[in-house]
Amino acid sequence: MRAVTFQSPEQVRVEEKAEPELVAGDDTIVQVEASGVCGSDLHIYHGRVPVEAGFTIGHEFVGTVLAAGEDVQRVAVGDRVVGCFHTACATCTPCLRGDYHRCANGQTFGHGSHLGNLQGAQAERLLVPRSNLTLRRVPDSVSSDVALFAGDVMGTGFHAIAHGGMRTGDTVAVLGLGPVGLCAVQSALAGGAVEVFAIDTVAERLAMAASFGATPLHLTEQDPKREVRAATGGAGVDLAVDAVGNPEPLALAISLARDAGTVSGIGAYSGRAEIPLGLAWLKGLDLRLGVANVIAHVDRVLALLEAGTLDPAPIVSNHMSLDDAAEAYGIFDRREALKIVLTP
Ligand SMILES: [Zn+2]
Ligand SMILES: [Zn+2]
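Residues numbered from 1 in each chain as written. Chains lettered and ligands numbered in written order. Predicted model: local features only at pLDDT ≥ 70, side-chain atom pairs only at ≥ 80, totals over all residues. Heavy atoms only, no water.

Draft legend 1. Representation of the overall build of the chain. A tally of regular secondary structure across the chain gives 12 helices and 15 strands. For the chain, the C-alpha radius of gyration of 20 Å lies close to 20 Å, the compact-globule estimate for 344 residues. Its C-alpha atoms put the chain at 60 × 40 × 40 Å along the principal axes. Taking all 344 residues of the chain together, the buried fraction comes to 54%. Counting only contacts in the chain whose residues sit at least 6 apart along the sequence, the fraction spanning at least 24 positions is 68%. Summing over all exposed atoms, the chain offers an accessible surface of approximately 14,100 Å²; the carbon and sulfur share of this is 50%. Once the 25 positive and 40 negative side-chain charges of the chain are each reduced to a mean point, those two points are 6 Å apart. (Helix = DSSP H or I, 4+ residues; strand = E, 2+ residues; numbered from the N terminus. Rg over C-alpha atoms; globule rule 2.2 N^0.38 Å. Buried < 20%, exposed > 50% of the residue type's maximum accessible area, 1.4 Å probe, protein only. Contact = heavy atoms within 4.5 Å. Areas by Shrake-Rupley, 256 points an atom, 1.4 Å probe, with all protein chains shown as cover. Lys, Arg positive; Asp, Glu negative; His and termini not counted. Charge placed at Lys NZ, Arg CZ, Asp CG, Glu CD.)

Draft legend 2. Representation of the coordination of the zinc ion (ligand 2) in the model. With distances of 2.3 to 2.4 Å, the protein atoms coordinating the zinc ion (ligand 2) are C89 (SG), C92 (SG), C95 (SG) and C103 (SG). Considering all four donor atoms around the zinc ion (ligand 2), the spread of angles at the metal, 104 to 120°, places the coordination shape in the tetrahedral class. The sequence pattern describing where the donors of the zinc ion (ligand 2) fall on their chain is C-x2-C-x2-C-x7-C. Residue classification places C89 among the buried positions, given a relative accessible area of 8%. (Donors = N, O, S within 2.8 Å, 3.2 Å for Na, K, Ca; no water. Tetrahedral: all angles 85-135°; square planar, octahedral: opposite > 155°, others 65-115°.)

Draft legend 3. How the structure looks around unusual backbone geometry. Unlike most non-glycine residues, N117 shows phi in positive territory, near 55°. Inspection of the secondary structure assignment puts N117 in the loop between helix 2 (93-96) and strand 6 (125-128). Of note in the backbone geometry, R130 takes a positive phi value of approximately 50° without being a glycine. Along the chain, R130 turns up in the loop between strand 6 and helix 3 (131-134).

Draft legend 4. Expanded view of helix 6 (residues 179-190). Taking 1.5 Å per residue as the helical rise, helix 6 with its 12 residues ought to reach 16 Å, and the 16 Å between its terminal C-alpha atoms agrees with that figure. The element helix 6 is extensively covered by neighbouring structure, given that nine of its 12 residues are classed as buried. Among all positions of helix 6, only P179, G181, L182, C183, A184, V185, Q186, S187 and A188 are buried. Next to the buried residues of helix 6 lie helix 5 (153-162), strand 8 (171-175), strand 9 (195-200) and helix 7 (203-212). Just downstream of helix 6 lies G192, where phi reads positive at about 95°. (Expected span 1.5 Å × (residues − 1).)

Draft legend 5. Structural view of the pairing of strand 5 (residues 80-83). Of the strand pairs in this sheet, strand 4 (residues 61-68) and strand 5 are connected by four bridges, and their pairing is antiparallel. Paired with T64 across the bridge in strand 5 is R80. (Pairing = 2+ DSSP bridges.)

Draft legend 6. Broad picture of the sheet that holds strand 11 (residues 237-242). Read across the open sheet, the six strands follow the order 10-9-8-11-12-13; overall the sheet is parallel. Bordering the open sheet on either side are strand 10 (215-218) and strand 13 (286-289), each of which pairs with just one other strand. For this sheet, the mean inter-axis angle between neighbouring strands, taken without regard to orientation, is 20°. Relative to strand 9, strand 8 runs parallel, the two being bridged by five bridges. Within strand 9, the residue paired with V174 across the bridge is A198. In this fold helix 9 (residues 247-256) packs onto strand 8, strand 9, strand 11, strand 12 (257-265) and strand 13, with an angle of close to 150° to the strand it touches most, strand 12. (Axes fitted to C-alpha atoms, helices over the stretch in contact; angles between N-to-C directions.)

Draft legend 7. Structural view of the side chain of Q186. Along the chain, the position of Q186 falls in helix 6. A polar contact of 2.9 Å, which involves the side chain of Q186, links it to the backbone oxygen of D311. Those residues in contact with Q186 that lie beyond four places of it in its chain are M154, F212, L310, D311 and P312. (Polar contact = N/O pair within 3.5 Å; in protein donor to acceptor, adjacent residues only side chain to side chain.)

Draft legend 8. Focus on the coordination of the zinc ion (ligand 1). Looking at the zinc ion (ligand 1), the protein donor atoms are C38 (SG), H59 (NE2), E60 (OE) and D152 (OD), and they sit 1.8 to 2.2 Å from it. Note that the zinc ion (ligand 1) binds four donor atoms; their angles at the metal cover 97 to 130°, and the shape is tetrahedral. All donors to the zinc ion (ligand 1) come from one chain, and their sequence spacing reads C-x20-H-E-x91-D. Of this pair, C38 sits in the loop between strand 3 (28-37) and helix 1 (39-45) while E60 sits in the loop between helix 1 and strand 4, placing them 22 residues apart in sequence. Using a relative accessible area of 9% as the deciding quantity, one classes C38 as buried. In this structure E60 comes out as buried when scored by relative accessible area, which is 2%.

Draft legend 9. Representation of the pattern of salt bridges. This model, assessed by the stated rule, comprises 10 salt bridges. Salt-bridge contacts for R2 lead to D323; the nearest nitrogen and oxygen are separated by 2.6 Å. Pair noted here: R2 is in strand 1 (residues 2-8) and D323 is in the loop between strand 14 (318-321) and helix 12 (325-333), with a separation of 321 residues, a long-range link. In this structure, a network of salt bridges that share partners links the residues R2, E124 and D323. (Salt bridge = Lys/Arg side-chain N within 4 Å of Asp/Glu carboxyl O.)

Draft legend 10. The side chain of N132, seen in detail. In this structure, N132 sits in helix 3. When its relative accessible area of 19% is taken as the criterion, N132 is described as buried. Separated by 3.2 Å, the side chain of N132 and the backbone nitrogen of R74 make a polar contact.

Encoded structure:
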């Protein structure tokens, strides 16, 4: 079968790989109908996340169950399913607490041996372990494009809001309007935010956030801090989300949050950083960080997608063939696409 493999930094290739086979009783084989190219795939593409040459990448997929082990109960052969971007065992201590994102035995699709050695989803078919937890049936009325978001990007945007403790009537700021930031905007509005300030430098992304119902603020052509203060009676927002994962937006999020408010950092931070920790302390902020607990949210996210309350369809900018993966990564890396869906 054909699969997209990492070769070396800035080099991905479509290769012929062996067919996946069932191993454990709760494994399934899924025929991929759509897979996403994600911001976190760029970390692999640039060599920042180490992946072995020849490893199949990709972690977002919708497809049809082709084969299922004897212990798979929650999905069946023929079902159209969406996969979460990682697996969880359901029995370790973090899983028993519901912290599936910190599962001691979890594997992330398409991230090489250092994240569980699980081949990726940018392929014709893939092996899905722990299928009872990893997979969900997709409601008939939900397109594969839209369902694809439940397993990672919308789940992550949703997590930024849910883990940030947002309540109906809150004000929210979202910094960074990539797919996750745009999904956080939708999740905040769906959750009853009274106003969502959407901050970025790209006009098209600001316009899309505005079309969802947010108040767009240009990071450099406007003064987001002044605008947010003016609109909130000088207080700042109840919840500020950094959907970028860099010290600068995190620092701005700290300055935009109200006293005793919350900052939710959903981007992938790395290393050490200089942030205004004194200001965060003085304000009594709640700082909530980390990768999203997508498995914990996936049923609610799918329900909201089915209801149409969340609708990430406008975020999909490009449909491309799996065979054009190298071109897709190039386009995505040059920020010429917002979200690319690959079809085998
Ligand atoms: Zn992703
Ligand atoms: Zn576990």
